[in-house]
Structures are given as C-alpha cells and as structure tokens.
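# Summary of the model geometry
Chain by chain, the residues:
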Amino acid sequence: MDNFDRRILVTGGAGFIGSHVVRRLLKNYPNYLIVNADKLTYAGNLANLTDVQKLKNYRFEKIDIVNLQAVKEVFQKYHITDVIHLAAESHVDRSIEGPMEFVMTNVVGSVNLLQTAKDNWKSGDHVFHHVSTDEVYGSLGHTGLFTEKTSYDPRSPYSASKASSDHFVMAFYHTYNLPVKMSNCSNNYGSHHFPEKLIPLMIHNIQHKKPLPIYGKGDNIRDWLWVEDHASAIETIFHHGRIGESYNVGGLNEWTNIELVNYLCQLMDEKLGRNNGESASLITYVTDRAGHDKRYAIDASKLENELGWKPSITFEEGLSKTVDWFLSNQEWVDKVTSGSYKEYYEIMYGGR
Ligand code: NAD
Ligand code: DAU
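What you see is a predicted model; the values in this text were computed from it and never measured.

## What to know about the site of ligand 1
Around ligand 1 lies a shell of 28 residues, among which Ile17, Asp38, Ser90, Tyr158 and Lys162 are the nearest. For ligand 1, a nitrogen atom lies 2.9 Å from a polar atom in the side chain of Asp64. Protein coverage of the free-state accessible area of ligand 1, which is 840 Å², stands at 96%. Mapped onto the shell around ligand 1, the elements with two or more residues apiece are helix H1 (16-28), strand S5 (127-133), helix H5 (157-176) and strand S7 (187-189). Take the shell around ligand 1: its biggest share by element is three residues, from S5.

Quick look at the structure:
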C-alpha cells in the first residue's frame, strides 16, 4: 500500500493523553503511518493536534469504536498493522452520573477493536497495546503499592468498565494468541488536560478566582505523572514490552488532594503576582464523591527494571510547565469551557 514500516491505529488520539501519544509517534517515527481514530466526544479536540495535523504520516478518521463496521472499514482502508487503544470515557464523576456510555465505549468498543484485530492479523508482526488505569486495582490503605500482580477490585462504574476491557484484552491473548500488551498508569497531568479533572479545574478556577471544590476532607491520595512521561512509557512498552504482559506506570509521587491544591495555589499566587494565601482562600469543601477511592500508588519497578523507563521530570517542574501552558493558551481553554462542558459544570458544581 505504501512504504510505511508500521500503520498504527491510535484510538482516542484527539483526547488528552492520546494527543501526546500521537504527537510523540509522529515526530519520532516518520516511517510510521499514524491513523488517529476518534469520535470527538466532549473530551476529543482536534485543536490538541494543530501542530502536527499536516505531517505526511498523519491521518484522522472520525469514528465511534462502538460501531463495528466503522472499525472494520478503518482497518481495511489503512491495512492497520498495530493498535494503541486509548479511546474511552475517562471521568469517574461522569460514570457515576451515567454508567452506560462507559459500558458501550470502554467495553463494547474495546471488544470491537480486539475482534477486528484478530480477524485481520492472521500472521506477521503486530501489537495491540491497550492503555489502562491503576483504578482497576481498587483502593489502597495507608501503605503498599499496586503491582501487576495486585488483584483487580474496581469500585466505580469507570474502573469496572476499564477492568472489564483489561480482562477481554488478556482473554484475546490466551484464547486467540492475539499479540497484546497492556499498561496501567496512575493519574496524569499536563497540557491539553480537560478542565473537569482536578488539576486543570483548579488551575482554571484559581485563575478566575472561583471556588476550588475539594471532595470530602481532601485527604484522598493520588500518584501524579506528567502526561509526556506516560506517552514515553507507552512508546517504550509498545516497542519493547513483552507480548501478553501488563506494565504499571507511575512516578512514586503521592499527594493528598488538599496538599496538592494548596501547593498549586501557592505556585499560581507567585505566577499571577498575588499575595501569598490569596488563592488558597478560595478552597471550598464539598460533598464527597460516591465510593471515593482513598489512595492510589503505583509500583513501576517492572517497567523500570525490564525496559529502563523512568519519569523525566519532577512533579514541581511538570506542574510549573503545566500552569504556564494553561495561562498562555487561553483560546484553547475558552473553547473547551464553553458548550457541553459548561452545562456539565453547572450540573456538577451548581455554577460555582
Ligand atoms: P480523554 O477523556 O481526555 O480522551 C478520550 C478520547 O477518546 C477523546 O478524544 C474522545 O473523543 C475519544 N472517545 C471517547 N469515546 C469514543 C468512542 N466511542 N469512539 C472513538 N473515540 C472515543 O481521556 P484521557 O484522560 O486522555 O485517557 C486516555 C486513556 O488513558 C483512557 O483509556 C483512560 O482510561 C486511560 N488513562 C487515563 C489516565 C488519566 O489520568 N487521564 C490515567 C491512566 C489511564
Ligand atoms: O488513576 C488514574 C485515573 O485518574 C484515570 O484512570 C482517570 O481517567 C482519571 O480521570 C483520573 O481519575 P481520578 O478520579 O483520580 O481523577 P480526578 O481528576 O477526577 O480526581 C482526582 C482527585 O481529586 C480525586 O480524589 C477526586 C478529587 N477531586 C476531583 C475533582 C474534579 C476533588 O476533590 N475535586 C474536584 O473538583
């Protein structure tokens, strides 16, 4: 069909993490064709990829992975050799409001992709890389880390749908020898992050002097990783990970939500020339998330020991870069905080 070494279908490439993965692959591998297949839900935004959209090795297809026929057509049109699957409904609060969209995209959509890959790849060198989350492992107590051997214990509709897709991925490996790889990552942050998630929401509200909603007591713990380090981990696992294996990805970087928001307030007071403590006065404790997982923390030593991957920057550096990106990309922020997101914001936060 052409001279490309691989023809990779990246699903969800217009989303937060997907756009970083697409950009990285396009730049590092001009000999790969990258086909970005995305439904462009509220979370998908082609403005995330304006800097690379004219590259010769990039194609975009607006498809819904729940539509099996559409998935089959894209596979055939581009003679797809590999899949990196990121498309998903990704926000826990939305899954509590309405789980069915999560079942459709995260479970049915994933099985459509697996089935189509299985039917098309009868022989040759292929990889189906499924991008998953640490939330499938459930919630940790004060100590311990999630390893690849931790039993699955999903507790939200979102994590239950991701756990289900992970099981299907491994079932296709064991049953049909589909060449799968899987990664389970902790919380990401960085540029192009949709401002319904904690860090970009807080940056937006601090900038506009709006209340900063902290669920419950603010003592839930998350392990934060810079999105570009997640993209580099996916690149590494896709190329060098072992078939049939899963790899945990994380930065050993645990923060309680309240510590994190206080740190962000301090950082933004400095950047915006405000008095120290001004932004922290916006902190407002609100009703807790239903079934709120207490703590996530990842042991990424398998990835580090086997494949030599490590995060490239500290959280303090990454957060500073992230705040700078949001402050200097106002047009991007204005676009995504209007429309459907605005309605959602009104429902979730009562217009605060
Ligand atoms: P996101 O919500 O920002 O992006 C999801 C993308 O998928 C969007 O572009 C959306 O349009 C697309 N999409 C949704 N439904 C689709 C469908 N039916 N057909 C085709 N495209 C569809 O999500 P994200 O935060 O970038 O997460 C990407 C992946 O990484 C997800 O699978 C998520 O579970 C996983 N993950 C996310 C994090 C995190 O912290 N954000 C951490 C670990 C793993
Ligand atoms: O761990 C990986 C997961 O991280 C991904 O699989 C998910 O796709 C991603 O959304 C993220 O899930 P979380 O639920 O941890 O992220 P979120 O940004 O929604 O919330 C982070 C923490 O902050 C969580 O404890 C809830 C809390 N929170 C969140 C929001 C939006 C608040 O206190 N206030 C808020 O307004």
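## Topic: the pairing of strand S4 (residues 82-85)
The alternating pattern of S4 places Asp82 and Ile84 and Val83 and His85 on opposite faces, both of which are buried. By the bridge criterion, four bridges tie strand S1 (residues 6-11) to S4 in an arrangement that is parallel. The partner of Ile8 across the bridge, within S4, is Asp82. Examined bridge by bridge, S4 and S5 share four bridges and lie parallel to one another. Across the sheet, the residue bridging to His85 is His130, located in S5.

## Details of the site of ligand 2
Taken together, 24 residues sit near ligand 2, with Thr133, Asp134, Tyr158, Arg289 and His292 positioned nearest. Residue Thr133 places a side-chain N or O atom 2.7 Å away from an oxygen atom belonging to ligand 2. A distance of 2.5 Å separates an oxygen atom of ligand 2 from a polar atom in the side chain of Asp134. Surface burial for ligand 2 is 95%, taken as the share of its 700 Å² of free accessible area covered by protein chains. Taken together, the elements giving at least two residues each to the shell around ligand 2 come down to helix H6 (198-207) and strand S8 (212-215). No other element matches S8, which puts three residues into the shell around ligand 2.

## Side note on the sheet that holds strand S9 (residues 221-226)
Reading across the sheet, the three strands line up as S7-S9-S11 and stay open at both edges, with mixed pairing between neighbours. In this open sheet, the two strands that pair with only one neighbour each are S7 and strand S11 (254-256). Averaged over all neighbouring strand pairs, the angle between strand axes comes to 50 degrees, with direction disregarded. Two strands pair when backbone bridges link them, and S9 and S11 are joined in this way by three bridges, in the antiparallel orientation. From the neighbouring strand, Asp223 faces S11, where its bridge partner is Glu254.

## A few points about the packing of aromatic side chains
To describe a pair of aromatic rings, you give the distance between the ring centres and the angle between the ring planes. By the definition in use, this model includes 14 aromatic pairs. Ring plane angle 45 degrees and centroid distance 6.0 Å describe the contact between Phe75 and Trp121, whose orientation is recorded as tilted. A residue pair is termed long-range when its members are at least 10 positions apart, and Phe75 in helix H2 (residues 68-78) and Trp121 in the loop between helix H4 (100-120) and S5 qualify at 46 residues. Per residue, the accessibility class of Phe75 equals that of Trp121, and both read buried. Between the aromatic rings of Phe146 and Tyr296, the centroid separation amounts to 6.3 Å while the plane-to-plane angle is 40 degrees, which identifies the pairing as tilted. Note that Phe146 is positioned in the loop between S5 and H5 and Tyr296 in the loop between strand S12 (283-286) and helix H9 (301-307), a separation of 150 residues in sequence. Like Tyr296, Phe146 is buried. Between Lys118 and the ring centre of Tyr176, over which it is positioned, the NZ or CZ distance is 4.7 Å. One residue, Arg222, lies across the ring of Tyr296, its end atom 3.9 Å from the ring centre.

Scoring rules and cut-offs
- Residues numbered from 1 in each chain as written.
- Chains lettered and ligands numbered in written order.
- Predicted model: local features only at pLDDT ≥ 70, side-chain atom pairs only at ≥ 80, totals over all residues.
- Heavy atoms only, no water.
- Near = heavy atom within 4 Å.
- Polar contact = N/O pair within 3.5 Å; in protein donor to acceptor, adjacent residues only side chain to side chain.
- Areas by Shrake-Rupley, 256 points an atom, 1.4 Å probe, with all protein chains shown as cover.
- Helix = DSSP H or I, 4+ residues; strand = E, 2+ residues; numbered from the N terminus.
- Buried < 20%, exposed > 50% of the residue type's maximum accessible area, 1.4 Å probe, protein only.
- Pairing = 2+ DSSP bridges.
- Axes fitted to C-alpha atoms, helices over the stretch in contact; angles between N-to-C directions.
- Phe/Tyr/Trp six-rings, centres within 6.5 Å; stacked < 30°, edge-to-face > 60°.
- Lys NZ or Arg CZ within 6 Å of the ring centre and 35° of its normal.

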